[in-house]
Amino acid sequence: MGRMAGRRALLAVPVLAAVTFGVFAVAAASPFDPVKAYAGTAGLTASQENLDQLRVNLGVDQPLVTRWWNWLTSALSGDLGDSSVMRQPVADVIGERLGWSVLLAASAFAVAVVLGTGLGVLAARRPGGLLDRCVSSAAYTLEAAPAFWLGLLAIWFFALKLDVLPAGGLTDAASDTVTPGQVATHLVLPAAVLGISQLPWFFLYVRQGVADALDEDPVRGARARGLRERTVLLGHALRSGMLPMLTLIGSRVPELITGALLVETVFSWPGIAAATVQAATSVDFPLLAALTVLATAAVVLGNLLSDLLYAIADPRVGFDG
């Protein structure tokens with residue numbers, strides 16, 4: 001396990017470096033002017049001399065490679081720079097928002113895994129049955145449904161029509177303090193929407209894996225020995241059928257991050273979505289690079305986690321295989 005993690009860490013270094021350089025290159029080619037975005041309305045009446053001085057102060061007058069290298073060396077020493085659009089250190093911007101994004105993503109991931117696994121097992125028991133046909137049809141439909149559309153539909157139905165859940169935000173409009181109860185209530189809709197948007201893939205993988213496992217000789221032998229159907233299903237078929245799903249975890253991380261950004265925007269969740277959008281439209285190089293590195297690192301860790309889980313579930317694979 002240690003050797004696998006070490007190899008992945010070494011491979012991640014050039015990947016992260018290339019990703020950050022790509023961010024600076026794309027941002028440099030963007031039509032958005034970071035100086036005008038920083039100056040705001042004051043930039044409309046500012047003289048060219050003042051704008052040029054501001055460009056020097058922000059460091060955007062330097063060549064692309066120089067800007068990237070300066071940011072990279074500073075980041076390696078722990079200094080992520082200052083966000084020009086947020087007017088505060090990048091580390092503070094991320095620190096204030098990352099926890100809320102992690103809470104949303106983790107809750108949604110749990111919803112997707114638990115519901116996807118449970119429904120997949122139930123559908124695999126009777127392939128072609130009523131439950132299998134209904135849930136499979138819903139899963140294929142949800143695969144094509146954008147997360148933001150599901151979010152808007154959820155707000156219309158649960159917040160506006162039924163008025164049983166808040167439409168967005170972190171706390172009630174009349175409250176000036178953040179309490180666990182309010183956070184939990186406001187988390188229900190965005191976490192459910194994000195989780196349901198990821199559920200179809202987990203359901204389909206588990207359904208197919210468990211259905212195939214039920215036809216394997218070890219499971220048939222367990223049934224022949226007179227074991228209860230529940231024991232056969234959960235103790236034998238589910239473990240074998242879960243193996244393909246473990247490889248799905250890493251591949252779903254990018255979709256989970258993208259979906260989280262959309263859901264945060266729809267529900268006004270105070271995560272990193274707003275910071276990401278503002279960093280992109282304002283060409284905020286330090287903040288944009290830091291957020292991209294964070295997302296890339298999450299994808300790398302997700303792939304490593306799926307490999308580790310697969311190796312634990314199936315010892316024949318081995319950690320160093």
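Scroll up to find the structure this text is about.
Below is a short write-up of the structure. (Residues numbered from 1 in each chain as written. Predicted model: local features only at pLDDT ≥ 70, side-chain atom pairs only at ≥ 80, totals over all residues. Heavy atoms only, no water.)

## Notes on unusual backbone geometry
Phi is mostly negative for residues that are not glycine, and the peptide bonds are mostly trans.
Moving on, step 1. Even without being glycine, Arg 87 reaches a positive phi, approximately 60 degrees.
Moving on, step 2. Positionally, Arg 87 belongs in the loop between β1 (82-83) and β2 (88-89).
Moving on, step 3. In this structure, Asp 163 takes a positive phi of about 55 degrees despite not being glycine.
Moving on, step 4. When you line up the elements, Asp 163 lands in the loop between α7 (147-161) and α8 (180-214).
Moving on, step 5. Residue class for Asp 163 comes out exposed when judged on its relative accessible area of 62%. (Helix = DSSP H or I, 4+ residues; strand = E, 2+ residues; numbered from the N terminus. Buried < 20%, exposed > 50% of the residue type's maximum accessible area, 1.4 Å probe, protein only.)

## What to know about the layout of surface pockets
Moving on, step 1. Each pocket or cavity is described by its volume, and for the largest pocket that value is around 640 Å³.
Moving on, step 2. For the largest pocket, the lining is made up of 25 residues, of which Val 102, Ala 105, Val 253, Ile 257 and Ala 298 are closest to its centre.
Moving on, step 3. Put simply, the parts of the chain that give the lining of the largest pocket at least two residues each are α5 (90-125), α10 (229-267) and α12 (285-313).
Moving on, step 4. Ranked by residue count, the leading element in the lining of the largest pocket is α12, at 10 residues.
Moving on, step 5. Broken down by class, the residue content of the lining of the largest pocket amounts to 20 nonpolar, 4 polar and 1 charged. (1 Å grid on protein atoms, 1.4 Å probe; cavity = no way out; pocket = protein on both sides within 12 Å on 5 of 7 lines; lining within 4 Å. Points joined across faces, edges and corners; volume = space filled by probe spheres on them. Nonpolar A, V, L, I, M, F, W, Y, C, P; charged D, E, K, R; others polar.)

## Overview of the environment of Thr 141
Moving on, step 1. You can see Thr 141 is positioned in helix α6 (residues 130-143).
Moving on, step 2. For the pair formed by Thr 141 and Pro 200, sequence separation is 59 residues and the distance between their alpha carbons is 8.7 Å.

## Some thoughts on the nonpolar core
Moving on, step 1. Judged by nonpolar contacts, the single largest core of 22 residues is most densely connected at Leu 104, Val 193, Leu 194, Val 263, Phe 267 and Trp 269.
Moving on, step 2. Elements with a contribution of two residues or more to this core: α5, α7, α8 and α10.
Moving on, step 3. Of the residues forming this core, the biggest block, 6 residues, is contributed by α8.
Moving on, step 4. Those residues in contact with Phe 267 that sit more than four places away from it in its chain are Gly 151, Ala 154, Ile 155, Ala 167, Gly 168, Gly 169, Leu 189, Pro 190 and Val 193.
Moving on, step 5. If you look at the next biggest cluster of nonpolar residues, it comprises 20 residues, including Trp 71, Ile 94, Ala 289 and Leu 291. (Core = buried A, V, L, I, M, F, W, Y, C linked by side-chain atoms within 4.5 Å. Contact = heavy atoms within 4.5 Å.)

## Regarding the packing of α7 against α8
Two numbers describe a pair of packed helices, the interaxial angle and the distance between the axes.
Moving on, step 1. α8 packs onto α7 with a crossing angle of 140 degrees between their chain directions and a minimal axis gap of 9 Å. It follows from the interaxial angle that α7 and α8 lie oblique. Taken as a pair, α7 and α8 cross one another with a handedness that is right-handed. For the pair α7 and α8, contact is made by Ala 147, Leu 150, Gly 151, Ala 154 and Phe 158 and by Leu 189, Val 193 and Ser 197, respectively. (Axes fitted to C-alpha atoms, helices over the stretch in contact; angles between N-to-C directions. Parallel < 35°, antiparallel > 145°, perpendicular 65-115°, else oblique. Left-handed = near helix turned anticlockwise from the far one by under 90°.)

## Here we look at the packing of aromatic side chains
Moving on, step 1. Enumeration over the complete set of coordinates arrives at 6 aromatic pairs.
Moving on, step 2. Aromatic side chains Trp 68 and Trp 69 sit 6.1 Å apart centroid to centroid with 55 degrees between the ring planes, which places their arrangement in the tilted category.
Moving on, step 3. Relative accessible area serves as the criterion here: at 14%, Trp 68 is assigned to the buried category.
Moving on, step 4. Centroid distance Trp 100 to Trp 269: 6.2 Å. Interplanar angle 90 degrees. Geometry classified as edge-to-face. (Phe/Tyr/Trp six-rings, centres within 6.5 Å; stacked < 30°, edge-to-face > 60°.)

## Points about the packing of α6 against α8
Moving on, step 1. The N-to-C vectors of α6 and α8 enclose an angle of 135 degrees; their axes lie 8 Å apart at closest approach. Relative to α8, the element α6 lies oblique. As α6 packs across α8, the resulting crossing turns out to be left-handed. Counting all contacts with α6, which are made through Asp 132, Val 135, Ser 136, Ala 139, Tyr 140, Leu 142 and Glu 143, the residues of α8 involved are Ile 196, Pro 200, Trp 201, Phe 203, Leu 204 and Arg 207.
Moving on, step 2. Class assignment for the residues of the contact of α6 with α8 results in 9 nonpolar, 1 polar and 3 charged.

Read these as geometric descriptors, not functional statements.
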